Amino acid sequence: MKITKANGKAEYAVIENLKKRAGETDSKIVDIVSHIINEVKENGDEAVLEYTVRFDGSVPKKTVVEKDELYTYLSEVDDDFKNALIRAKKNIKRFHQRQAQQSFMITEENGVIMGQRVRGLNRVGIYVPGGTAAYPSSVLMNAIPAKIAGVKEIIMVTPPAKDGKPNPQIMAAAAIAGVDRVFMVGGAQAVAALAYGTEKIPKVDKIVGPGNIFVATAKRLLYGIVDIDMVAGPSEILIVADKTADPAFLAADLMSQAEHDKLASAILLTTSTDLAKQTLHEIEKQVKRLDRQAIIEESLENYGEIIVCESLEQALSFANELAPEHLELCISEPLKYIGKVDNAGSVFLGNWSPEPLGDYYAGPNHVLPTSGTARFFSPLSVDSFIKKSQFIYYTCAELRNAKDDIIKLAESEGLTAHANSIKVRFE
């Protein structure tokens, strides 16, 4: 991990390097996933079974876990873990309840009525990875907003362990979050099954949740058949720090994201050269005692950077250009600068608000836009699980008052049948 001085060019070369990670998906993977999707579409559970044996080695004895049975897994996890999930759920629920939207109706004195209905989606599918990438916290972050939105049924798919059994921590999280059914299947075949429906796995309206490149590719290819949350790229953290920041904290926070993946990016922008050097020293010291040292070191070498800026304004301008998934403001007056942040998935203010606080506990969602898409995408929220419809009621008298304007606009677009729909009512 090297230290670079911002000069208007060097720092933006970092962005170009990061963009290389978000290139087009390998055509071979697209071909493989497309074939899997078509097989599941045509052959349903038979194809799902075939790919489960091929990729996972065997089919679990129990392929579906109903809601009542989910609660039995609470006894298979330790109390500290269970209580941590419950407290996290409370925070997540409290935050997301503030996002709930209301239907409305406008009634005019002339008899016109207009309005909007807000309803939860009928059925949502949550993909939860298994193996070393099993994250119980993601179950909470995906399911709780869906419940608040009024989703009628939440289906979870997750690959079983090699022994054919589900991960008890994942299942305990599903019970606490309110998941309705869990199917023990993973990979692109699980995504396709949720999108099209099979004899056993019901069709859903939206698929959310992280997964490997095959899962992400399946979600991308099936968008339109079914809605998706987003196609997530490698994890990112960008930290803006002034001389008041603690280099030990900065080093720890940078590595907290670098450990996710060798493609993860961790960047520090600081106005202090001394702090830059001290942070680099702290990284070298702390990384030796971390389990995922090799991944962290490769990530920091290829996609890590410490950039010394002339001012906080310059650093924030760069941050807005990068539009990071996670942005920490480790500066003396973070609230003073929050208004200058336009593009970021989630912002962490001050030295005592590290990124893992948001990953697990505080309440705001940890499913965030990556690869610069925070310029136009938002975090997962209650809004992600609702649909809206509008309604209009006009009286004969009010349509008569509006008819000439409507006819004029329709005819200006060459849509005479539109105009006729109005004219015929007053002939």
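Refer to the structure presented above.
Residues numbered from 1 in each chain as written. Predicted model: local features only at pLDDT ≥ 70, side-chain atom pairs only at ≥ 80, totals over all residues. Heavy atoms only, no water.

> Can you help me understand the pattern of salt bridges in this one?
Two side chains that carry opposite charge are able to pair once their charged atoms sit near each other. Going through the model one piece at a time under the given rule, you end up with 13 salt bridges. Here Lys423 ties to Glu411 by a salt bridge, and the two come within 2.8 Å at their closest N and O atoms. Taken as a pair, Lys423 in helix H17 (residues 416-423) and Glu411 in helix H16 (residues 396-412) lie far apart in primary sequence, 12 residues in all. Through salt bridges that share partners, Arg123, Glu153 and Arg181 make up one connected network. (Salt bridge = Lys/Arg side-chain N within 4 Å of Asp/Glu carboxyl O. Helix = DSSP H or I, 4+ residues; strand = E, 2+ residues; numbered from the N terminus.)

> For this particular structure, what's the right way to read the nonpolar core?
Among soluble globular proteins, nonpolar side chains are generally buried collectively. Core analysis: the largest hydrophobic core is formed by 43 residues, its most contacted members being Val139, Met156, Val179 and Val182. Of all the secondary-structure elements, those providing two or more residues to this core are helix H5 (79-97), strand E5 (123-127), helix H6 (136-149), strand E6 (153-157) and helix H7 (168-177). By residue number, the principal contributor to this core is H7, which donates eight residues. The contacts of Val179, once residues within four sequence positions are left out, are Lys67, Leu70, Val139, Ala143, Ile154, Met156 and Ala174. Judged by nonpolar contacts, the second largest core, of 27 residues, contains Tyr127, Val157, Val191 and Ile201. (Core = buried A, V, L, I, M, F, W, Y, C linked by side-chain atoms within 4.5 Å. Buried < 20%, exposed > 50% of the residue type's maximum accessible area, 1.4 Å probe, protein only. Contact = heavy atoms within 4.5 Å.)

> Mind showing me how you'd approach the state of the cysteines here?
What makes a disulfide is a covalent bond joining the sulfur atoms belonging to two cysteines. Here the structure, examined in full by the defined rule, presents zero disulfides. In this model Cys309 remains outside any disulfide bridge; the closest cysteine sulfur is found in Cys330, 14 Å from its own. (Disulfide = S-S within 2.5 Å.)

> Can you help me understand a nonpolar patch on the surface in this one?
A surface patch of nonpolar side chains, about 470 Å² in accessible area, is lined by Phe104, Ile106, Met114, Ile392 and Tyr394. Turning to its location among the elements, Tyr394 is positioned in the loop between strand E15 (386-393) and H16. (Patch = residues over 30% accessible without salt bridge, like charges linked within 9 Å, V, L, I, M, F, W, Y side chains within 5 Å. Areas by Shrake-Rupley, 256 points an atom, 1.4 Å probe, with all protein chains shown as cover.)

> I'm lost on the environment of Asn351 in this one. Help?
Inspection of the secondary structure puts Asn351 in the loop between strand E14 (346-349) and helix H15 (355-360). Asn351 sits in the partly exposed class, given a relative accessible area of 24%. Separated by 332 residues in sequence, Asn351 and Lys19 place their C-alpha atoms 29 Å apart. With near-sequence residues (within four places) excluded, Asn351 lies in contact with Thr244, Ala245, Asp246, Phe249 and Cys330.

> Mind showing me how you'd approach the side chain of Asp229 here?
Residue placement: Asp229 occurs in the loop between strand E9 (227-228) and strand E10 (236-241). On the basis of relative accessibility, which here comes to 15%, the residue Asp229 falls in the buried class. Among all residues touching Asp229, those that are not within four sequence positions of it are Asn142, Lys206, Ile207, Val208, Gly209, Lys219, Val367 and Leu380.

> Please clarify how the packing of H6 against H7 should be interpreted in this entry.
Each pair of packed helices can be described by the angle between their axes along with the distance between the axes. Contact geometry for H6 and H7: axes closest at 9 Å, N-to-C directions at 20°. In terms of their interaxial angle, H6 and H7 are classed as roughly parallel. Between H6 and H7 lies a crossing of right-handed hand. When H6 is examined against H7, the residues Pro136, Val139, Leu140, Ala143, Ile144 and Lys147 are found in contact with a partner set consisting of Gln169, Ile170, Ala173, Ala174, Ile176 and Ala177. For the contact of H6 with H7, the class distribution of residues is 10 nonpolar, one polar and one charged. (Axes fitted to C-alpha atoms, helices over the stretch in contact; angles between N-to-C directions. Parallel < 35°, antiparallel > 145°, perpendicular 65-115°, else oblique. Left-handed = near helix turned anticlockwise from the far one by under 90°. Nonpolar A, V, L, I, M, F, W, Y, C, P; charged D, E, K, R; others polar.)

> What exactly am I supposed to notice about the pairing of E6 here?
In regular strands, side chains alternate between the two faces of the sheet. Along E6, five of the five residues are buried, which leaves the element largely enclosed by surrounding structure. Here E5 runs beside E6; their pairing, made up of five bridges, is parallel. Residue pairing across strands places Gly125 opposite Ile155, the latter belonging to E6. With three bridges connecting them, E6 and strand E7 (residues 181-183) associate as parallel partners. Paired with Ile155 across the two strands is Arg181, which belongs to E7. (Pairing = 2+ DSSP bridges.)

> Is there a simple way to explain the sheet that holds E7 in this structure?
Paired through backbone hydrogen bonds, the strands of a sheet run either parallel or antiparallel to each other. Judged by pairing direction, the sheet is mixed, and its six strands sit side by side in the order E2-E7-E6-E5-E8-E9 without closing on themselves. In the strand order of this sheet, the two ends are held by strand E2 (64-66) and E9, each with one partner. Examined bridge by bridge, E2 and E7 share three bridges and lie antiparallel to one another. The partner of Val64 across the bridge, within E7, is Phe183. Contacting E5, E6 and strand E8 (206-208), helix H8 (residues 187-196) runs over the sheet at an angle of about 175° to E5.

> Would you mind going over the environment of Ile228 with me for this structure?
Here Ile228 is to be found in strand E9. Separated by 23 residues in the primary sequence, Ile228 and Asp205 place their C-alpha atoms 8.7 Å from one another. Discounting residues that sit within four places of it in the chain, Ile228 has contacts with Lys206, Ile207, Lys219 and Tyr223.

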